[in-house]
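So you can see what is in the structure, the chains are spelled out below.
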Amino acid sequence: MDLRSSAPVCFPWNGSKRWLLPHLQPLVSRWFAASTNGTYLEPFAGAAHLARAVRASAPSTSLLLNDANLWLMSLYRQQQSGEAITISPNQFSVERIHKFRNLADSSLTRSGMTVQLAATRFLVCLLTCWGNRWEAKPDGRFRSTLNNTYCDPVKLASRICAVLNDWWLTAGDTILAGDWQTAVAGVQRGDLVYIDPPYPESLGYGNNQWRFKHLLDLVDWCAEAHRDGVYVILSNMDDVQRLLTRIGYTTSLVNGPRTTKTKKARVELIAHNIEAA
C-alpha cells in the first residue's frame, strides 16, 4: 500500500503532513493487519491527507474527521454529499470576495447559509490569501492578507469547483466540528487515531491559540488510549518525545521541509503505539 501515491492533491494547507506519508505508511499498514474492523479518526483534520490515503487504500474503512475550523468542516460535509456543483465566475468579483472574508462564524447558523455556501466561503478565503494561510479574527472573520493575483474569477471558480466536486467521503463517515476531546470521546479498542495538532503558541486551533498545556493534555490522553487498546499515531514538535517514550510509545525524529523564513529543516516527531507484526 503506497499511501503517498494514493493521496490526491486537494487544497493548500499550512501544516499539511503530506510530506510525512512515506513515514506513516508502514504504521498504517500494521494497523490494517492488526485491526480489520477499526475506525480511522483524525481529531485535527486539516487537509486530511492521511485520511484520504486510508480511504483510497481501504475504501470500506470508516472515517471520522473533526477540526475546530467550522468552515473547513463545511467543506468536508459538502464533499460527503455527492452533490454536483457548478459555479459561475461571476460570483467572484473582488467585492464579493471581501463579503466572503467579512463573514463571521455566527453567520453559519443564519437562514440561507447552506453547506455549499459555507464550503465556498472557506475556499474563497483560503485560495485568495497570501501563502494560503488561514488566519481569522476571534469572531471568525478572515484576516489573512488578500493576494490579488489569486483573484482571477475564472481560475478561482475552476479551482473551487474541482474541490467541491471531490466526493471522497461517504455517507458512512462521521464529520464533526469542534474540540478534539469530543471527537475522540467514543473511540473504541482497535481504532486508529492520527493526532496532528497545531504547534504550540500558534494560531491554529479554530480562532484560538494552541498552547503547550494543550499538548500536555493530549499526551495524557495518549497514555489512556494506550492502556485501553486504542492505536495512536502522533506527529508534532520533538519537545514531548521524552514524555511519549515514558508512557510506552515508540518515537522517531524526521527532518521536515525547510521553513520559508529560516530556511532550516524542521524536526518532526512521530510517535505511535503500533507494534510490528
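Refer to the preceding data block for the structure.
The rules we used
Residues numbered from 1 in each chain as written. Predicted model: local features only at pLDDT ≥ 70, side-chain atom pairs only at ≥ 80, totals over all residues. Heavy atoms only, no water. Patch = residues over 30% accessible without salt bridge, like charges linked within 9 Å, V, L, I, M, F, W, Y side chains within 5 Å. Areas by Shrake-Rupley, 256 points an atom, 1.4 Å probe, with all protein chains shown as cover. Salt bridge = Lys/Arg side-chain N within 4 Å of Asp/Glu carboxyl O. Lys, Arg positive; Asp, Glu negative; His and termini not counted. Charge placed at Lys NZ, Arg CZ, Asp CG, Glu CD. Helix = DSSP H or I, 4+ residues; strand = E, 2+ residues; numbered from the N terminus. Buried < 20%, exposed > 50% of the residue type's maximum accessible area, 1.4 Å probe, protein only. Phe/Tyr/Trp six-rings, centres within 6.5 Å; stacked < 30°, edge-to-face > 60°. Lys NZ or Arg CZ within 6 Å of the ring centre and 35° of its normal.

## Notes on a negative patch on the surface
(1) Moving on: A contiguous patch of negative charge on the surface is contributed by Asp217, Asp220, Glu224 and Asp228.
(2) Moving on: Residue position: Asp217 is located in helix 9 (residues 212-227).
(3) Moving on: A relative accessible area of 37% means that Asp217 is categorised as partly exposed.

## Considerations on the pattern of salt bridges
(1) Moving on: What the rule picks out here adds up to 7 salt bridges.
(2) Moving on: We note a salt bridge from Asp196 to Lys17, for which the minimum N-O separation is 3.3 Å. Remark: Lys17 occurs in the loop between helix 1 (3-6) and helix 2 (21-34) and Asp196 occurs in the loop between strand 4 (192-195) and strand 5 (202-205); sequence separation between them is 179 residues.
(3) Moving on: Take Lys17: its relative accessible area is 8%, and that puts it in the buried class.

## Looking at the packing of aromatic side chains
(1) Moving on: Inspection of the entire model under this criterion finds 11 aromatic pairs.
(2) Moving on: A centroid spacing of 6.4 Å and a plane angle of 45 degrees characterise the contact between Phe11 and Tyr76, whose relative ring orientation is tilted. Separated by 65 residues along the polypeptide, Phe11 in the loop between helix 1 and helix 2 and Tyr76 in helix 4 (residues 70-81) bring together distant segments of the chain.
(3) Moving on: A relative accessible area of 5% means that Phe11 is categorised as buried.
(4) Moving on: Tyr76 gets classed as buried once you look at its relative accessible area, which sits at 0%.
(5) Moving on: On the numbers, 6.0 Å between centres and 85 degrees between planes, the contact of Tyr76 with Trp168 is edge-to-face. Taken together, the residues Tyr76 in helix 4 and Trp168 in the loop between helix 7 (153-164) and strand 3 (174-177) connect sequence positions 92 residues apart. Of the two residues, Tyr76 and Trp168, neither departs from the other in class, the shared state being buried.
(6) Moving on: Counting every residue linked through ring pairs, the aromatic cluster contains Phe11, Trp13, Tyr76, Phe122, Trp134, Phe142 and Trp168.
(7) Moving on: Directly above the ring of Trp71 sits Arg121, whose terminal nitrogen or CZ lies 4.3 Å from the centroid.

Purely geometric stuff here, so don't read any function into it on its own.
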